[in-house]
Amino acid sequence: MNEEILRLLFDYSKKGKIVDLNYINKLIEIVVNKRKLSSFIDEVNTLTVHEEKPSISASYNSINKKLSIYKLGMTEQIKLHGKKYIEMFNKVERLFFTNLIVTQIILHELEHVLQYKNTIISPSDKDINIKWVIIALSYGLNIRKDMKLYKTLYRDAPQERIAEIDSYLTLMETLNPVKFHLPNIQDYIMGKMYENLLRGYVYDSSPTIEFFNIIGGERKELFDCYLLCHNIEDLPFSERIYNGLDITDKEYGYVLKKYLKTKYSKI
Ligand SMILES: [Zn+2]
């Protein structure tokens, strides 16, 4: 999958072309085929703007299985990122960066499709890992209902946090063969990775634990039950931070240091 994405991305960027709908459709096709997601997307919609939230650039609705792309929101994201980060990049990297933004947005939505697929397929016991338990328990919740808590909920929501981390992981793996040719792009992706790993960790609180504390109810009970039955403190550090579970101050400091070493963090 990564090789095909890289070929597509290079094909456009080398020719000096900014990604278009054709690119987006090809990218979706590659990921859908490789991850066997076709029964979870009935339609790819291209709309001008999201009616309620004009800043949204893409969305996936698991109820009607529609993946929507919003042209205005997408253009806005390109402009916003371009303005903020363009200084980081050399001439060759600049167009590549624009194309990367669109690619990441689409990969993020496709992560939600994969999450949905994994929440409705009942995995055999040995396949159940902490990530899919957390995603399944947090999926399908309307976090926009409570506007007062929306910001914290959105920041901590495991499905959002993990979709961001996973989309940058895919980009990192995809660009691995050419990383030395695009050093600042590599720095940007690493910066984003560390930033999202640290997302939601505030004093004495971990994002996933906080998320279930806020939503409460049956979901929290099931989550607590899972934690009780599995020694999550024995999980390796990389898995605990990836899933938004408790980490030590020292572990937090280790990732923060790495983040602060990136050029991205200084912008
Ligand atoms: Zn999302």
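Source: prediction; values computed, not measured.

**Considering the domain arrangement of the protein**
The domains assigned to the protein are domain 1 (1–87) and domain 2 (122–267). Relative placement of domain 1 and domain 2: their C-alpha centres are 23 Å apart. Contact residues are listed per partner, giving five residues for domain 1 and seven residues for domain 2. Considering each element in turn, the side of domain 1 that touches domain 2 owes the most residues, three residues, to helix α1 (residues 2–14). In the side of domain 1 that touches domain 2, the residues fall into three nonpolar, one polar and one charged.

**Brief notes about the packing of helix α7 (residues 158–175) against helix α8 (residues 183–198)**
Look at α7 against α8: their axes get within 9 Å of each other, and the N-to-C directions meet at 155 degrees. With respect to α8, the axis of α7 lies roughly antiparallel. Along this stretch, α7 crosses α8, giving a crossing that reads as left-handed. In contact with Arg161, Glu164, Ile165, Tyr168, Leu171, Met172 and Leu175 of α7, α8 contributes Ile185, Gln186, Ile189, Lys192, Met193, Asn196 and Leu197. Class assignment for the residues of the contact of α7 with α8 results in nine nonpolar, two polar and three charged.

**What to know about the environment of Leu72**
When you line up the elements, Leu72 lands in helix α3 (residues 71–85). Note on Leu72: 15 C-beta atoms within 10 Å, which makes it partly exposed. Distance in space between the C-alpha atoms of Leu72 and Asn2 is 28 Å, their sequence separation being 70 residues. What Leu72 contacts, discounting residues up to four positions off in sequence, is Thr48, Val49 and Pro54.

**Examining the environment of Leu8**
With respect to the helices, strands and loops of the structure, Leu8 is situated in helix α1. Separated by 16 residues in sequence, Leu8 and Ile24 place their C-alpha atoms 10.0 Å apart. Those residues within four positions of Leu8 in sequence are excluded, and the remaining contacts are Tyr23, Lys26 and Leu27.

**Digging into the sheet that holds strand β2 (residues 58–61)**
Across the sheet, which stays open at both edges, the three strands sit in the order β1-β3-β2 with mixed pairing between neighbours. Where the open sheet ends on each side, the last strands, each with one partner, are β1 (43–47) and β2. Sheet twist, expressed as the average angle between the axes of neighbouring strands with direction ignored, equals 20 degrees. Here α3 sits on the sheet in contact with β1 and β3 (66–70), set at roughly 55 degrees to β3.

**A look at the environment of Ser62**
Locating Ser62 in the fold gives a position in the loop between β2 and β3. When the C-alpha atoms of Ser62 and His112 are compared, they prove to be 8.6 Å apart, with 50 residues separating the residues in sequence.

**Comments concerning unusual backbone geometry**
The phi angle at Lys36 is positive, at roughly 50 degrees, despite the residue not being glycine. For Asp204, which is not glycine, the phi torsion reads 65 degrees and is therefore positive. Looking at the secondary structure, you find Asp204 in the loop between α8 and α9 (207–215). Using a count of 8 C-beta atoms within 10 Å as the deciding quantity, one classes Asp204 as exposed.

**A closer look at the packing of α9 against helix α10 (residues 217–229)**
Following both chains from N to C, one finds α9 and α10 inclined at 140 degrees, their axes separated by 7 Å at the closest point. Judged on the interaxial angle alone, α10 and α9 are oblique. Taken together, the residues of α10 that come into contact with α9 (itself represented by Phe212, Asn213 and Ile215) are Gly217, Arg219, Lys220 and Phe223. Here the residues of the contact of α9 with α10 are counted per class, giving three nonpolar, two polar and two charged.

The rules behind the values
- Residues numbered from 1 in each chain as written.
- Predicted model: local features only at pLDDT ≥ 70, side-chain atom pairs only at ≥ 80, totals over all residues.
- Domains from an automatic or database assignment.
- Contact = placed C-beta atoms within 7 Å.
- Helix = DSSP H or I, 4+ residues; strand = E, 2+ residues; numbered from the N terminus.
- Nonpolar A, V, L, I, M, F, W, Y, C, P; charged D, E, K, R; others polar.
- Axes fitted to C-alpha atoms, helices over the stretch in contact; angles between N-to-C directions.
- Parallel < 35°, antiparallel > 145°, perpendicular 65-115°, else oblique.
- Left-handed = near helix turned anticlockwise from the far one by under 90°.
- Buried ≥ 20, exposed ≤ 12 C-beta atoms within 10 Å, placed from the backbone.
- Pairing = 2+ DSSP bridges.

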